[in-house]
Amino acid sequence: MPPILPLADEAVRAISALSAPHRTLDADAAARLRFFGTAPAFDTPHKLTLASASAIGVYALGVEQWWRMATGQHQSVAIDWMQAACALNPGHFQTQSGYALPALSLLTELKADFYRTADGRWFFPIGSYPHLRDGVLDVLQCANTGAALAAAIGRREGDELEDTFARHKLPGIYARSREEWLAHPQGALLAGLPVIQVEKIGDSPAEGPGFAAARAAAAAPLQAWPGAAAPGAGGPATGAGPRALQGLRVLDLGHVIAGPIVARSLAEHGADVLRITSPTLQDPFRQTVDTNIGKRSAFLDLDRQVDLQRARSLMAGADVVVQSWRPGSMARRGLAAEDAAHIRPGVVYVSVSCFGDTGPWGDRGGFEQLGQAISGVSVAEGGTGSPRVVPTYLLNDYLTGYLGAAGVMMALIRRAREGGSYHVKVSLARTSMWVQELGLDPGFDPDRPRRHFAETLTPVLETRPSAYGILEQLPPVARFSRTQAAWTLPPAPNGAHAAEWLPS
């Protein structure tokens, strides 16, 4: 049996394993990372707080190294265990003018849950948008109630349902154990890949971090570690002072959560992030308020040729492009990673998928809960009963976003050293597989009544004025000794800005 390590040591080991395949972080990088506070206890066999702190930590160390490359100065980075745990589902703590925002629209959402199939499987259908909800109900020929869905799914077998949903491009799979998934061709393929893939896809001259950060750092005093400028009741940090990613342009073509979180993480450190949203398929309100922090937001309809050409023009001026649509969707529009590398040599292109973009399931789309269900997480959560999602409900969306941001930093560091264009790939299913690789709590009792996860969470929040009124939200988790991690823009309504870059 491996030795039981302190939580901080486990996090350092996890961060080292994430970064090892890419050889971009300095050997002593983890020595500049400190954890403090108390980790909350969740009713789960999975190490959720460890996973969140490690994903945020590997990204933060990438930012720290980028800063050192620009200035020659190191920073200390501090992560509060409580804040890291809350970062798995920060929208839960978000308020608008003092009121909590509902997670789902009861008028449009499918009654998603695990439903028993005729052959004893547990099938999870998702209909997060009206067209998906209607598609699922049409395939199942039932009403949008739990009882009707249970009856319709109970008449069909798991494999047939999966194939039917895939044929109609609808998200839905049945839950598997970890062993079953690893034996599946797609699971075996993902198991052989790094959690964060960084592939060089083109040649271009090296591009370093520039000198703007160095000039700013020369006049910046060293803050008291772990952070004299910690956010709290006084509101968010202003972001005035040195910014580690100042001068980087990020084109956010993502939707829902994981993709936009990649871009939002870069905005924490001063990157100019432009979010592009379809006017006809907008994200739910609560997600928009959360994932649009720190960004400008514009409308483009990529099914219109004039808007598609505008997107290509924006891509030509970007350092980083992020997309999280179904595999193949961007390629059909001439906006795939290879297209971006041709349009803008030296680009870092991020793809977020559910099951990866190669292999027998490489063309399938999906959402958060499917990553948990397919990989074994939900079966482990449920024990001998029905599968369950993790107690924070969300797991893959935010973790995958933080891991994708870490991949961006790895690619930027490589671009500074050797030049080139890079394709960063992360997936929801691979993230869930990684969480399981961190180990399980052998003493967990899945039959014990589960507390709501918020009962053990007491995060520090910050307030900001916005077009939506006064918002209370979780601040950036990782705190830096020299450069503030802070969003300088409140979340903007979709389409509030022009689809153009700020002047250099």
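Reading guide: rules and limits
- Residues numbered from 1 in each chain as written.
- Predicted model: local features only at pLDDT ≥ 70, side-chain atom pairs only at ≥ 80, totals over all residues.
- Heavy atoms only, no water.
- Helix = DSSP H or I, 4+ residues; strand = E, 2+ residues; numbered from the N terminus.
- Rg over C-alpha atoms; globule rule 2.2 N^0.38 Å.
- Contact = heavy atoms within 4.5 Å.
- Areas by Shrake-Rupley, 256 points an atom, 1.4 Å probe, with all protein chains shown as cover.
- Lys, Arg positive; Asp, Glu negative; His and termini not counted.
- Charge placed at Lys NZ, Arg CZ, Asp CG, Glu CD.
- Buried < 20%, exposed > 50% of the residue type's maximum accessible area, 1.4 Å probe, protein only.
- Pairing = 2+ DSSP bridges.
- Salt bridge = Lys/Arg side-chain N within 4 Å of Asp/Glu carboxyl O.
- Axes fitted to C-alpha atoms, helices over the stretch in contact; angles between N-to-C directions.
- Parallel < 35°, antiparallel > 145°, perpendicular 65-115°, else oblique.
- Left-handed = near helix turned anticlockwise from the far one by under 90°.
- Nonpolar A, V, L, I, M, F, W, Y, C, P; charged D, E, K, R; others polar.
- Right-handed = clockwise from strand over helix to strand, strands pointing away.
- Phe/Tyr/Trp six-rings, centres within 6.5 Å; stacked < 30°, edge-to-face > 60°.
- Polar contact = N/O pair within 3.5 Å; in protein donor to acceptor, adjacent residues only side chain to side chain.
- pLDDT = per-residue confidence, 0-100.
- Patch = residues over 30% accessible without salt bridge, like charges linked within 9 Å, V, L, I, M, F, W, Y side chains within 5 Å.
- Expected span 1.5 Å × (residues − 1).
- Arc of directions from axis to C-beta.

Undergrad: Break down the overall build of the protein for me, with residues and values.
TA: Helix and strand counts for the protein stand at 18 helices and 17 strands. Against the globule reference of 23 Å for 504 residues, the protein gives a C-alpha radius of gyration of 22 Å, in line with a compact fold. Dimensions of the protein, computed from C-alpha atoms along their principal axes, come out at roughly 70 × 55 × 45 Å. Across the protein, the fraction of contacts at a sequence separation of at least 24, relative to all contacts at a separation of at least 6, is 79%. With the model as given, the accessible surface of the protein reaches about 19,100 Å², and the carbon-plus-sulfur share is 55%. Each charge class in the protein can be summarised by its mean position, and for the 45 positive and 47 negative side chains these summaries are 4 Å apart.

Undergrad: Lay out the pairing of strand β14 (residues 421-427) in plain terms, naming residues and giving numbers.
TA: Of all seven residues in β14, seven are buried, a share of seventy percent or more. Bridging between strand β8 (residues 197-202) and β14 involves five bridges; their strand directions are antiparallel. In the strand pairing of β14, Lys200 is matched with Tyr422. For strand β13 (residues 348-353) and β14, the ladder comprises six bridges, and the chain directions are parallel. From the neighbouring strand, Ser351 faces β14, where its bridge partner is Lys425.

Undergrad: An account of the pattern of salt bridges is requested, with residue identities and associated values reported.
TA: Under the defined criterion, the tally for this structure stands at 28 salt bridges. Across the pair Glu207 and Arg344 runs a salt bridge, and its minimum N-O distance is 2.7 Å. Taken as a pair, Glu207 in the loop between β8 and α9 (212-218) and Arg344 in the loop between α14 (337-343) and β13 lie far apart in primary sequence, 137 residues in all. Between Lys425 and Asp357 there is a salt bridge, and its shortest N-O distance comes to 3.4 Å. Of the two residues, Lys425 is situated in strand β14 and Asp357 in the loop between β13 and α15 (368-375); the sequence distance between them amounts to 68 residues. In this structure, a network of salt bridges that share partners links the residues Glu207, Asp319, Arg344 and Arg415.

Undergrad: So what about the packing of helix α2 (residues 48-71) against helix α17 (residues 396-418)? Which residues, and what values?
TA: Running from amino to carboxyl end, α2 crosses α17 at an angle of 25°, the nearest separation of the two axes being 8 Å. Between α2 and α17, the angle is such that the two are roughly parallel. Seen along the crossing, α2 lies across α17 with a hand that is left-handed. From α2, Ala51, Ser52, Ala55, Ile56, Val58, Tyr59, Gly62, Val63, Gln65, Trp66 and Met69 reach across to α17, where they touch Leu399, Tyr402, Leu403, Ala405, Ala406, Met409, Met410, Leu412, Ile413, Ala416 and Arg417. Of the residues assigned to the contact of α2 with α17, the class counts are 18 nonpolar, three polar and one charged.

Undergrad: So what's going on with the sheet that holds strand β7 (residues 172-174)? Residues and values would help.
TA: Strand order in the open sheet formed by three strands is β5-β6-β7, and the pairing between neighbours is antiparallel. Since the sheet does not close on itself, it has two edges, and those belong to β5 (115-116) and β7, each with one partner. Across two bridges, the pairing between β5 and strand β6 (residues 122-125) is antiparallel. Among the inter-strand pairings, Arg116 is bridged to a residue of β6, identified as Trp122. Docked against the sheet, α15 engages β6 and β7, running at close to 20° with respect to β7.

Undergrad: Describe in detail the pairing of strand β11 (residues 296-299), supporting the description with residues and values.
TA: Bridging between strand β10 (residues 272-277) and β11 involves four bridges; their strand directions are parallel. The residue of β11 that forms the bridge with Ile276 is Ala298. Taken together, β10, helix α11 (residues 285-291) and β11 constitute a β-α-β crossover, and its handedness is right-handed.

Undergrad: I'd like to hear about the sheet that holds strand β2 (residues 77-80), residue by residue, with values.
TA: Spatially, the three strands line up as an open sheet ordered β1-β2-β17, and their pairing is mixed. Either end of the sheet is taken by a strand with one partner, and the two such strands are β1 (33-36) and β17 (479-480). Direction of pairing for β2 relative to β17: antiparallel, over a ladder of two bridges. For Val77, the partnering residue across the bridge sits in β17 and is Phe480. Contacts from α2 reach β1, β2 and β17 within the one sheet, and its direction differs from that of β2 by about 160°.

Undergrad: Lay out the packing of aromatic side chains in plain terms, naming residues and giving numbers.
TA: Evaluated as defined, the whole model comprises eight aromatic pairs. With a centroid separation of 5.0 Å and 75° between ring planes, the pair formed by Phe123 and Phe165 is classed as edge-to-face. Of this pair, Phe123 sits in strand β6 while Phe165 is found in helix α6 (residues 158-167), placing the two residues 42 residues apart along the sequence. Across this residue pair, the class does not change: Phe123 and Phe165 are buried. Taken together, the ring pairs in this structure connect Trp181, Phe355 and Trp361 into an aromatic cluster.

Undergrad: Break down the side chain of Ser324 for me, citing the residues and quoting the values.
TA: By the secondary structure assignment, Ser324 is in the loop between β12 (320-323) and α13 (329-332). Residue classification places Ser324 among the buried positions, given a relative accessible area of 12%. Here the side chain of Ser324 touches His255 through a polar contact of 2.9 Å, landing on its backbone nitrogen.

Undergrad: Go over the confidence of the model for the protein with me, naming the residues and quoting the values.
TA: Considering every residue of the protein, the mean pLDDT works out to 92; 92% of them sit at 70 or more. In this model residues 211-234 is a low-confidence stretch, pLDDT under 50, and it forms 37 contacts with partners more than four residues away in sequence or in other chains.

Undergrad: Give me a negative patch on the surface: which residues, what numbers.
TA: Among the surface-exposed residues, Asp119, Glu157, Asp159 and Asp163 lie close enough to one another that they form a single negatively charged patch. Mapped onto the secondary structure, Glu157 falls in the loop between α5 (146-154) and α6.

Undergrad: With reference to specific residues and values, describe the environment of Glu179.
TA: Checked against the element boundaries, Glu179 lands in helix α7 (residues 178-183). With 197 residues separating them in the primary sequence, Glu179 and Gly376 have C-alpha atoms 7.6 Å apart.

Undergrad: Can you break down unusual backbone geometry residue by residue, with the values?
TA: Although it is not a glycine, Lys169 sits at a positive phi angle of roughly 55°. The backbone of Tyr393 sits at a positive phi, close to 70°, despite the residue not being glycine.

Undergrad: Before we move on, could you go through helix α12 (residues 305-316) and cite the residues and values that matter?
TA: The terminal C-alpha atoms of α12 lie 17 Å apart, and with 12 residues this matches the ideal 16 Å at 1.5 Å per residue to within 8%. Every buried residue belonging to α12 is among Asp307, Leu308, Ala311, Leu314 and Met315, and all of these are buried. Here the buried residues of α12 occupy an arc of 115° about the axis, which is enough to place them on one side. Opposite the buried face of α12, by more than 90 degrees, sit the exposed residues Gln305 and Val306. Packed against the buried residues of α12 are β9 (249-252), β10, β12 and α14.

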